[in-house]
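Summary of structural features
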Amino acid sequence: MTTFKVGYLIGSLAKESINRKLAIALTRIAPQQLTFTEIAIGDLPLYSYDYDSDYPPVARAFKESIAAVDAVLFVTPEYNRSIPGGLKNAIDWASRPYGQNAFTRKPSAVIGTSPGSIGTAIAQQHLRSVLGFCNSPQMNAPEAYIQFKPGLIDDDGNITNESTAAFLRTYMTEFYHFIERVYIALPRDT
């Protein structure tokens, strides 16, 4: 079976983010054919096209990290019924300047958790719109809007609710198969 390197972006900059806990848990239950690396977004300055001719080193390294992975997993909270500004800023850095979009033809999936009962549904839909413009093939199903309750994920990254764990294992298995299908349809060497 083919293995794929997945970069994951956490939309929250908070050290104790519940979405960071979710991301760690997802890496633990994913199929063995997926390897993971976090691609940090917290040190990026605000994007401006003034940088397009000469990216600062941190932005250059960030964009190279996106280019170096086979797929991207976005794990994001919902802020004010949308995606966090830091995540949108990171996407802008990776997709600019025009014609140098690191997300082009790169498979992606979106997931998130929130204490609210609708999880991060609205933020995910906004993010899907942005990724669609960035020409990133997206796993559309299953959708995953996880309501975070205290103790759902322990300090070691274990999911304590078995039905949630089973659903998330299925989600990550589907992500693996989605990445396979994308690269069958869009081979990397073309």
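Refer to the structure presented above.
Summary of the structure given here. (Residues numbered from 1 in each chain as written. Predicted model: local features only at pLDDT ≥ 70, side-chain atom pairs only at ≥ 80, totals over all residues. Heavy atoms only, no water.)

**As for helix H5 (residues 162-185)**
To keep things clear, this is the line we draw: Numbered from the N terminus, helices here are DSSP runs of H or I no shorter than four residues, and strands are runs of E no shorter than two. The span one expects for a helix is its residue count, reduced by one, times 1.5 Å. The cut-offs for exposure are 20% and 50% of the maximum accessible area for each residue type, with area from a 1.4 Å probe on protein chains only; residues under the lower value are buried, those over the upper are exposed, and the others partly exposed.
For H5, which comprises 24 residues, the first-to-last C-alpha distance of 35 Å matches the rise-based estimate of 34 Å (1.5 Å per residue) to within 8%. Every buried residue belonging to H5 is among Thr164, Ala165, Leu168, Tyr171, Met172, Phe175, Tyr176, Phe178, Ile179, Val182 and Tyr183, and all of these are buried.

**What to know about the packing of aromatic side chains**
Convention followed: Aromatic rings from Phe, Tyr and Trp, taking only the six-membered ring of Trp, are treated as a pair when their centres fall within 6.5 Å; an angle between ring planes under 30 degrees marks them as stacked, one over 60 as edge-to-face, and anything in between as tilted.
A full pass over the atoms with the stated rule returns 7 aromatic pairs. Note on Phe4 and Tyr176: the rings are 5.7 Å apart at their centroids and 55° apart in plane angle, and the pair reads as tilted. A residue pair is termed long-range when its members are at least 10 positions apart, and Phe4 in strand E1 (residues 4-10) and Tyr176 in helix H5 qualify at 172 residues. Taken individually, Phe4 and Tyr176 each receive the classification buried, so the pair is uniform in this respect. Members of the aromatic cluster, joined through ring pairs, are Tyr47, Tyr51, Tyr55 and Trp93.

**A look at the packing of helix H2 (residues 57-68) against helix H3 (residues 85-95)**
For clarity, the cut-off: Orientation is described by lines fitted to C-alpha atoms, with helices fitted over the stretch in contact, and by angles between N-to-C directions that extend from 0 to 180 degrees. For classification purposes, angles smaller than 35 degrees are called roughly parallel, those larger than 145 roughly antiparallel, those between 65 and 115 roughly perpendicular, and all remaining angles oblique. Any two residues whose heavy atoms approach within 4.5 Å are treated as being in contact. Three classes are used: nonpolar for Ala, Val, Leu, Ile, Met, Phe, Trp, Tyr, Cys and Pro, charged for Asp, Glu, Lys and Arg, and polar for all others, with Gly counted as polar.
H3 packs onto H2 with a crossing angle of 80° between their chain directions and a minimal axis gap of 9 Å. Here H2 is positioned roughly perpendicular relative to H3, judged by the angle of their axes. Counted together, Ala59, Phe62, Lys63 and Ile66 of H2 and Ala90, Trp93 and Ala94 of H3 form the full contact between these two elements. Its residues placed into classes, the contact of H2 with H3 shows 6 nonpolar, no polar and 1 charged.

**Here we look at the side chain of Asn89**
For Asn89, the position within the fold is in helix H3. With a relative accessible area of 9%, Asn89 lands in the buried category. Leaving out residues up to four positions away in the same chain, Asn89 has contacts with Leu44, Pro45, Leu46 and Tyr47.

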